[in-house]
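Topology and contacts: notes
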Amino acid sequence: MAERVVNTALIIDDHPLFCDALSITLRAVAGVAQVETVDRLETALARLELSPMPDIVVLDLNLPDVTGLDGLIRLKAAAGSAPVLVVSSLADNRVIAAVFQAGAAGFVPKHARREVFRAAFEAVRAGGIYQPEGYVPPDDEDGPVTSREQALARLALLTRQQAKILQLICEGRLNKQIAYDLSIAETTVKAHVTAIMRKLGVQSRTQAVLIAGEASFSAIMPENG
């Protein structure tokens with residue numbers, strides 16, 4: 001199997017000092033020649049509509065405009081074949097397991113040593129998945145599909161626009177308000193809502209909100225909710 005080329009990276013993190021430090025680290029130890037940084041999910045999604053695509057996307061889970069795994073799911077859909085490496089201070093076993101369920105190519109604790117980033121990028125280049133030291137996969141990994149796994153799989157089917165509309169539905173917006181916010185016709189919103197409910201396998205907006213809630217950190221770590 002040919003080694004994956006990883007010469008360019010897009011970092012998504014809203015802490016400028018960390019972005020600068022990570023950019024230096026990726027250039028120094030991970031063989032990345034060109035690094036771009038953005039501080040919002042929406043900015044990253046807009047960047048991924050342009051060419052050329054980055055060879056890898058590095059994502060912090062905690063961003064101002066997204067909560068839970070929703071950002072990772074939407075990013076995966078937009079990034080195409082480019083792997084998404086999660087770098088986060090939320091190094092809880094359940095979060096890491098959910099990150100892998102959502103399709104991440106690896107998880108690196110946010111303040112890991114340089115050698116860890118080198119190892120993660122080597123794994124990605126080899127076409128593998130990087131699991132951090134100390135991570136223990138769930139006991140039921142080969143068992144029945146959980147409701148969260150089903151939810152993550154269904155949410156991954158949404159287009160960028162549908163995911164944005166679902167986020168607004170979760171915030172309690174009505175179709176008319178969503179149409180205004182996104183500068184589209186209300187009939188277009190209705191068509192999107194119908195498609196969203198079909199993809200999520202639900203009959204109502206309330207059920208759609210519950211599915212989206214499965215990707216939240218409070219669902220993954222109830223004691224922190």
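Residues numbered from 1 in each chain as written. Predicted model: local features only at pLDDT ≥ 70, side-chain atom pairs only at ≥ 80, totals over all residues. Heavy atoms only, no water.

Looking at an unreviewed UniProt entry, the protein chain carries the name LuxR family two component transcriptional regulator, with the source organism given as Gemmobacter caeni.

**Details of the packing of helix α8 (residues 175-182) against helix α9 (residues 186-200)**
One way to put it is that α8 packs onto α9 with a least axis distance of 8 Å and a crossing angle of 110°. Relative to α9, the element α8 is oriented roughly perpendicular. In the packing of α8 onto α9, the handedness of the crossing is right-handed. Side by side, α8 and α9 meet where Asn 175, Lys 176, Ile 178 and Ala 179 of the first sit next to Glu 186, Val 189, Lys 190 and Val 193 of the second. Taken together, the residues that form the contact of α8 with α9 break down as 4 nonpolar, 1 polar and 3 charged. (Axes fitted to C-alpha atoms, helices over the stretch in contact; angles between N-to-C directions. Helix = DSSP H or I, 4+ residues; strand = E, 2+ residues; numbered from the N terminus. Parallel < 35°, antiparallel > 145°, perpendicular 65-115°, else oblique. Left-handed = near helix turned anticlockwise from the far one by under 90°. Contact = heavy atoms within 4.5 Å. Nonpolar A, V, L, I, M, F, W, Y, C, P; charged D, E, K, R; others polar.)

**Topic: the pattern of salt bridges**
Oppositely charged side chains can form a pair if their charged atoms are brought close together. The tally for this structure, following the rule as stated, stands at 12 salt bridges. Glu 36 is paired through a salt bridge with Arg 47; the nearest N and O atoms lie 2.9 Å apart. Separated by 11 residues along the polypeptide, Glu 36 in strand β2 (residues 34-38) and Arg 47 in helix α2 (residues 41-47) bring together distant segments of the chain. Arg 160 is the salt-bridge partner of Glu 42, the closest N and O atoms lying 3.2 Å from each other. Of the two residues, Glu 42 is situated in helix α2 and Arg 160 in helix α7 (residues 160-170); the sequence distance between them amounts to 118 residues. Residue classification places Glu 42 among the partly exposed positions, given a relative accessible area of 24%. A relative accessible area of 31% means that Arg 160 is categorised as partly exposed. A network of salt bridges, in which partner residues are shared, links Glu 42, Glu 49, Asp 70, Arg 74 and Arg 160. (Salt bridge = Lys/Arg side-chain N within 4 Å of Asp/Glu carboxyl O. Buried < 20%, exposed > 50% of the residue type's maximum accessible area, 1.4 Å probe, protein only.)

**Things to note about the packing of aromatic side chains**
In the structure shown here, the tally under the stated rule is 1 aromatic pair. One residue, Lys 110, lies across the ring of Phe 18, its end atom 4.7 Å from the ring centre. (Phe/Tyr/Trp six-rings, centres within 6.5 Å; stacked < 30°, edge-to-face > 60°. Lys NZ or Arg CZ within 6 Å of the ring centre and 35° of its normal.)

**A word on the side chain of Gln 167**
Within the secondary structure layout, Gln 167 lies in helix α7. Here Gln 167 falls in the buried class, since its relative accessible area comes to 18%. Once you skip the residues sitting within four places of it in the chain, Gln 167 turns out to touch Asp 65 and Arg 74.

**Structural notes on the nonpolar core**
Among the nonpolar cores identified, the biggest contains 53 residues, and Ile 12, Leu 69, Leu 72, Leu 75, Val 99 and Leu 200 are the most heavily contacted of them. Top element by residues in this core is helix α4 (residues 93-101). It accounts for 6 residues. Both of domain 1 (6-124) and domain 2 (145-217) provide at least three residues apiece to this core. If sequence neighbours within four positions are ignored, Leu 69 has contacts with Leu 61, Ala 98, Val 99, Leu 152, Ala 215 and Ile 220. Membership of the second largest hydrophobic core comes to 23 residues, among which are Ile 56, Leu 85, Ala 105 and Tyr 130. (Core = buried A, V, L, I, M, F, W, Y, C linked by side-chain atoms within 4.5 Å. Domains from an automatic or database assignment.)

**What to know about the domain arrangement of the protein chain**
Examined at the domain level, the protein chain breaks down into domain 1 (6-124) and domain 2 (145-217). Just the C-alpha atoms count here: the centres of domain 1 and domain 2 sit 24 Å apart. Contacts between the two partners involve 18 residues from domain 1, matched on the other side by 13 residues from domain 2. Between domain 1 and domain 2, roughly 1300 Å² of surface is buried when both sides are summed, and carbon and sulfur atoms account for 61% of that area. Our count for the contact surface shared by domain 1 and domain 2 stands at 2 salt bridges. Our count for the contact surface shared by domain 1 and domain 2 stands at 4 residue pairs in polar contact (both at pLDDT 80 or more). Put simply, the parts of the chain that give the side of domain 1 that touches domain 2 at least two residues each are α2, α3 (70-79) and α4. Grouping the constituent residues of the side of domain 1 that touches domain 2 by class yields 10 nonpolar, 3 polar and 5 charged. (Buried area = accessible area lost by both parts, 1.4 Å probe. Polar contact = N/O pair within 3.5 Å; in protein donor to acceptor, adjacent residues only side chain to side chain.)

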